[in-house]
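Each chain, letter by letter, is given below.
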Amino acid sequence: MTLTVQNFVGGEWVESSTGRRFERHNPAHLSEVVATAPESSADDIDRAVSYVAEHRHEWAALAPDKRADVLIRAAAILEANAATLAEELVREEGKTLAEATIETSRTPQNLRFYAGESLRLTGETYPTGDGTLVYSSREPVGVVAAITPWNFPLNIPSRKLGPALAAGNAVVFKPSELTPVMGQRLVEALLEAGVPGGALALVHGHAEAGRALVSHRGVNAVTFTGSTAVGQAIHSAVAVDVRCQLEMGGKNAMVVLPDADIERTAGIIVKGAFGLSGQACTGTSRVIVHESVQLDLLDRVMERARSAVVGDGLTKGVTMGPLASAGQWDKYLEFLKEGDASDARLETPTKGQLLGKGYFARPAVFSDVQPHDRMAQEEIFGPVLAFLTVSSYDEAITVANDSPFGLSAGIATSDIGTALAFSRDVHAGVVKVNQSTNGMAMNAPFGGTKLSSTQTHKEQAGATMMHFYTTDKTVYFS
Ligand code: NAD
């Protein structure tokens, strides 16, 4: 069944002003149209932003506990529909049902977490000595533009819309063009729970819609998660008085030292590299392994990688769903060719064939990759893992840090001193010890260094994120 999703603009569900629509196909069955969605024009964006800019004060003026109640209700609505939602997520995005179920349970938890944060938006008083009362209070920033990718189409938007709304902002949300249904479902739940139409708009579309949104003069803050290339374009496009938070790509490394538990580490690496079909921003894409354990680790990783069951994420027993799009598929094939052309060796028998009629890719593991190979430097965002061999801890750190990205990094070792040294030495926003580079706690700060995040506002989880969505006002009172 093809779903027809709409924009939510000016407090009502509407078509785009041009009437243009685009289709989203199931990446596991390319002939199946999962949904059609409006292609928003600059006019649609203008109407969406102008309306919430004019009407946002009703939501901002609501008592924090009332805003919290609304977010908690939205969480309950999503939970009540979790089973249907998870199936829709698999059909639209491609991940397995098990992965989708984790996402549909994490999303309501995020909303509840930020409901709590709305009650904790306190100010401070400052002693002056001259009788002046100086205090600060926190106000919503205003209109927030939220632009999101397809790989966690509920979880990531809930970590933007949740805190933005909790702080009393209005939001104009543009989900990825690959996941319009999930965007619609999140907005439906928030509206049903009681977010007023003056505080929330949904605009579907591609890059053109995103460009119109980030450069609209009615927007006060832009929060974006996606590729580094698009993040850089947004950074150049936003005006100097617009807050900008960018969460971008990664090239996450797992360092494996001789004193690691190699069997356990192989499992950690395979989960990090091939979970979500290699399409997690914090997924493991480089293994930097000491030469003394390289062969043993490679054998064990390959054994697991070979046993991956690739197919439609709704089919029982499938452990890896398809890639999400033609673009993802092309990039996967490009890097298989890149590996062939270099001195790296393909260890897993990967066939680049379309199994059935979807973007099905098998895990690929390349060994003997060199630090400056494209395979070791560029984000692939697919199930392609590069093994790089080193002969010391110091060399491992040099190779790990030789990257334009700094999102997540892991180390496998049984020595606590080495683990602590690594957590200091590695250039990454998140460090994992004897754990996969992906999988984050919802209540801890999350963000990268270097080209993985804007360094002015980088938190994408936890309570510190509320700073992005509020502005401090300082009052001097005599
Ligand atoms: P993308 O950058 O292609 O698109 C992201 C969003 O930006 C989409 O909604 C898209 O329509 C919009 N967009 C595209 N061009 C735009 C423009 N010029 N102006 C404004 N908006 C524009 O990314 P994607 O393919 O959807 O997602 C994959 C990328 O996201 C990977 O690079 C991955 O690492 C990254 N990612 C990062 C994190 C993180 O937390 N760091 C999390 C998930 C995904």
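Rules of the game
- Residues numbered from 1 in each chain as written.
- Predicted model: local features only at pLDDT ≥ 70, side-chain atom pairs only at ≥ 80, totals over all residues.
- Heavy atoms only, no water.
- 1 Å grid on protein atoms, 1.4 Å probe; cavity = no way out; pocket = protein on both sides within 12 Å on 5 of 7 lines; lining within 4 Å.
- Points joined across faces, edges and corners; volume = space filled by probe spheres on them.
- Helix = DSSP H or I, 4+ residues; strand = E, 2+ residues; numbered from the N terminus.
- Nonpolar A, V, L, I, M, F, W, Y, C, P; charged D, E, K, R; others polar.
- Domains from an automatic or database assignment.
- Phe/Tyr/Trp six-rings, centres within 6.5 Å; stacked < 30°, edge-to-face > 60°.
- Buried < 20%, exposed > 50% of the residue type's maximum accessible area, 1.4 Å probe, protein only.
- Near = heavy atom within 4 Å.
- Polar contact = N/O pair within 3.5 Å; in protein donor to acceptor, adjacent residues only side chain to side chain.
- Sits in = over half its atoms within 2 Å of the grid points.
- Pairing = 2+ DSSP bridges.

## Some details on the layout of surface pockets
One number sums up the size of the largest pocket: a volume of about 980 Å³. Looking at the largest pocket, it is lined by 39 residues, and the ones nearest its centre are P149, F224, G226, S227 and V230. Elements that contribute at least two residues to the lining of the largest pocket include exactly α8 (207-214), β11 (221-225), α9 (228-237) and α12 (326-341). The biggest single contributor to the lining of the largest pocket is α9, with six residues. Looking at the lining of the largest pocket, its residues break down into 18 nonpolar, 15 polar and six charged. When residues are assigned to domains, the lining of the largest pocket turns out to be shared by domain 1 (3-248 + 453-477) and domain 2 (252-433), each giving three or more.

## Regarding the packing of aromatic side chains
Aromatic rings considered in pairs are described by the distance between their centres and by the relative angle of their planes. Enumeration according to the criterion identifies five aromatic pairs in this entry. An angle of 80° between the planes, with centres 4.9 Å apart, marks the rings of F113 and Y114 as edge-to-face. Judged by relative accessible area, which is 1%, Y114 ranks as buried.

## As for the site of the ligand
Neighbouring the ligand are 28 residues, the closest being K174, E177, S227, M248 and E379. A distance of 2.8 Å separates an oxygen atom of the ligand from a polar side-chain atom of K174. With respect to the ligand, the backbone of M248 contributes an N or O atom lying 2.7 Å from a nitrogen atom. Its atoms largely coinciding with the cavity grid, the ligand occupies the largest pocket. Only α8, β11 and α9 provide two or more residues apiece to the shell around the ligand. Class assignment of the residues belonging to the shell around the ligand gives a composition of 14 nonpolar, nine polar and five charged. Counting contributing residues, the shell around the ligand receives three or more from each of domain 1 (3-248 + 453-477) and domain 2 (252-433).

## Things to note about unusual backbone geometry
Located in the positive-phi region is D368, a residue other than glycine, with phi close to 60°. Within the secondary structure, D368 sits in the loop between β16 (364-367) and α13 (374-377). The phi angle at F381 is positive, at roughly 60°, despite the residue not being glycine. Tracing the chain through its elements places F381 in the loop between α13 and β17 (384-390).

## Comments concerning the pairing of strand β5 (residues 29-38)
Taken together, the two bridges between strand β1 (residues 3-4) and β5 define a ladder with parallel strand orientation. Following the sheet pairing, L3 is matched in β5 by A35. As judged from the six bridges shared by strand β4 (residues 21-26) and β5, these two strands associate in the antiparallel manner. Looking at the pairing, R24 lines up with A35 of β5. In this structure, the hairpin formed by β4 and β5 is closed by a connection of two residues.

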